[in-house]
Amino acid sequence: MTKSHQNEPFFITEEVEAKLTAAGYEFEPTSHTRATSLPKILAGLTDAALATWPGVLPKEEIERRQGRALEARQGAPLSKSDR
(Lines give C-alpha, C1' and ligand atoms only; values in the text may rest on other atoms or scores of the structure.)
Protein backbone atom coordinates (compact mmCIF):
# COMPACT_ATOMS: atom_id res chain seq x y z
CA MET A 1 0.00 0.00 0.00
CA THR A 2 1.17 3.50 -0.69
CA LYS A 3 0.77 6.39 1.65
CA SER A 4 -2.19 8.57 0.75
CA HIS A 5 -2.23 12.31 1.21
CA GLN A 6 -5.96 12.59 1.82
CA ASN A 7 -7.52 15.21 4.03
CA GLU A 8 -10.36 12.83 4.90
CA PRO A 9 -10.19 9.99 7.43
CA PHE A 10 -9.63 6.53 6.03
CA PHE A 11 -11.95 3.76 7.21
CA ILE A 12 -11.43 0.10 6.43
CA THR A 13 -14.63 -1.78 5.64
CA GLU A 14 -15.13 -5.37 6.73
CA GLU A 15 -14.67 -6.46 3.12
CA VAL A 16 -11.34 -4.65 2.79
CA GLU A 17 -10.23 -5.95 6.19
CA ALA A 18 -11.00 -9.54 5.11
CA LYS A 19 -8.94 -9.08 1.91
CA LEU A 20 -6.02 -7.57 3.82
CA THR A 21 -6.16 -10.30 6.46
CA ALA A 22 -6.15 -12.96 3.71
CA ALA A 23 -3.09 -11.24 2.25
CA GLY A 24 -1.30 -11.61 5.61
CA TYR A 25 -1.84 -8.15 7.10
CA GLU A 26 -2.33 -8.22 10.88
CA PHE A 27 -4.61 -5.72 12.56
CA GLU A 28 -3.43 -4.59 15.97
CA PRO A 29 -4.99 -2.03 18.28
CA THR A 30 -3.30 1.36 18.27
CA SER A 31 -0.82 2.06 21.02
CA HIS A 32 -2.45 5.38 21.88
CA THR A 33 -5.90 4.19 22.96
CA ARG A 34 -7.26 5.74 26.10
CA ALA A 35 -10.07 5.12 28.54
CA THR A 36 -10.16 8.61 30.09
CA SER A 37 -11.48 11.82 28.59
CA LEU A 38 -9.06 14.62 27.74
CA PRO A 39 -10.54 17.05 30.31
CA LYS A 40 -9.94 14.47 33.06
CA ILE A 41 -6.38 13.92 31.88
CA LEU A 42 -5.71 17.67 31.82
CA ALA A 43 -7.27 18.14 35.27
CA GLY A 44 -4.82 15.61 36.68
CA LEU A 45 -1.77 17.51 35.44
CA THR A 46 -0.03 20.39 37.16
CA ASP A 47 0.76 23.51 35.14
CA ALA A 48 4.44 22.51 35.22
CA ALA A 49 3.71 19.04 33.81
CA LEU A 50 1.35 20.51 31.22
CA ALA A 51 4.01 23.02 30.13
CA THR A 52 6.19 20.13 28.94
CA TRP A 53 3.57 19.09 26.35
CA PRO A 54 4.15 20.31 22.78
CA GLY A 55 1.62 22.34 20.82
CA VAL A 56 -1.09 24.89 21.51
CA LEU A 57 -3.36 22.76 23.73
CA PRO A 58 -1.27 23.00 26.91
CA LYS A 59 -0.81 26.75 26.53
CA GLU A 60 -4.56 27.24 26.12
CA GLU A 61 -5.30 25.02 29.13
CA ILE A 62 -2.86 26.94 31.34
CA GLU A 63 -4.40 30.25 30.21
CA ARG A 64 -7.89 28.88 30.92
CA ARG A 65 -6.79 27.83 34.42
CA GLN A 66 -5.25 31.23 35.10
CA GLY A 67 -8.45 32.94 33.93
CA ARG A 68 -10.55 30.77 36.27
CA ALA A 69 -8.22 31.54 39.18
CA LEU A 70 -8.48 35.27 38.45
CA GLU A 71 -12.29 35.06 38.25
CA ALA A 72 -12.40 33.20 41.56
CA ARG A 73 -10.24 35.86 43.25
CA GLN A 74 -12.43 38.64 41.85
CA GLY A 75 -15.63 36.86 42.86
CA ALA A 76 -16.92 36.64 39.31
CA PRO A 77 -19.48 33.89 38.77
CA LEU A 78 -18.23 30.88 36.83
CA SER A 79 -20.00 29.84 33.66
CA LYS A 80 -22.01 26.60 33.63
CA SER A 81 -19.23 24.74 31.81
CA ASP A 82 -16.69 25.61 34.53
CA ARG A 83 -18.77 24.32 37.45
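See above for the structure.
Just so it is clear, the structure is predicted and the values come from calculations on it, not from any experiment. (Residues numbered from 1 in each chain as written. Predicted model: local features only at pLDDT ≥ 70, side-chain atom pairs only at ≥ 80, totals over all residues. Heavy atoms only, no water.)

### With respect to helix α4 (residues 57-74)
In a regular helix each residue adds 1.5 Å, so 18 residues correspond to 26 Å; α4 covers 26 Å between its end C-alpha atoms and thus fits that length. Of the surrounding elements, those touching the buried residues of α4 are α2 (38-43) and α3 (47-51). Within two residues after α4, G75 carries a phi angle of roughly 80°, on the positive side. (Helix = DSSP H or I, 4+ residues; strand = E, 2+ residues; numbered from the N terminus. Expected span 1.5 Å × (residues − 1). Contact = heavy atoms within 4.5 Å.)

### A short note on the pattern of salt bridges
Taken as a whole and assessed by the stated rule, the structure comprises four salt bridges. Between E61 and R64 there is a salt bridge; the shortest N-O distance is 2.8 Å. With E61 and R64 both in helix α4 and three residues apart, this pair spans about one turn of that helix. For E61, a relative accessible area of 9% gives the class buried. Across the pair E61 and R65 runs a salt bridge, and its minimum N-O distance is 3.0 Å. You can see E61 and its partner R65 sitting in helix α4, four residues apart, about one turn around the helix. With respect to class, E61 is no different from R65; both count as buried. The network of salt bridges with common partners includes D47, E61, R64 and R65. (Salt bridge = Lys/Arg side-chain N within 4 Å of Asp/Glu carboxyl O. Buried < 20%, exposed > 50% of the residue type's maximum accessible area, 1.4 Å probe, protein only.)

### Looking at the side chain of E61
Here the side chain of E61 touches R64 through a polar contact of 2.8 Å, side chain to side chain. Once you skip the residues sitting within four places of it in the chain, E61 turns out to touch L42 and L50. (Polar contact = N/O pair within 3.5 Å; in protein donor to acceptor, adjacent residues only side chain to side chain.)

### A few points about the environment of T13
Mapped onto the elements, T13 comes out in the segment before α1 (14-22). Residue T13 is classed as partly exposed on the basis of its relative accessible area, which comes to 45%.

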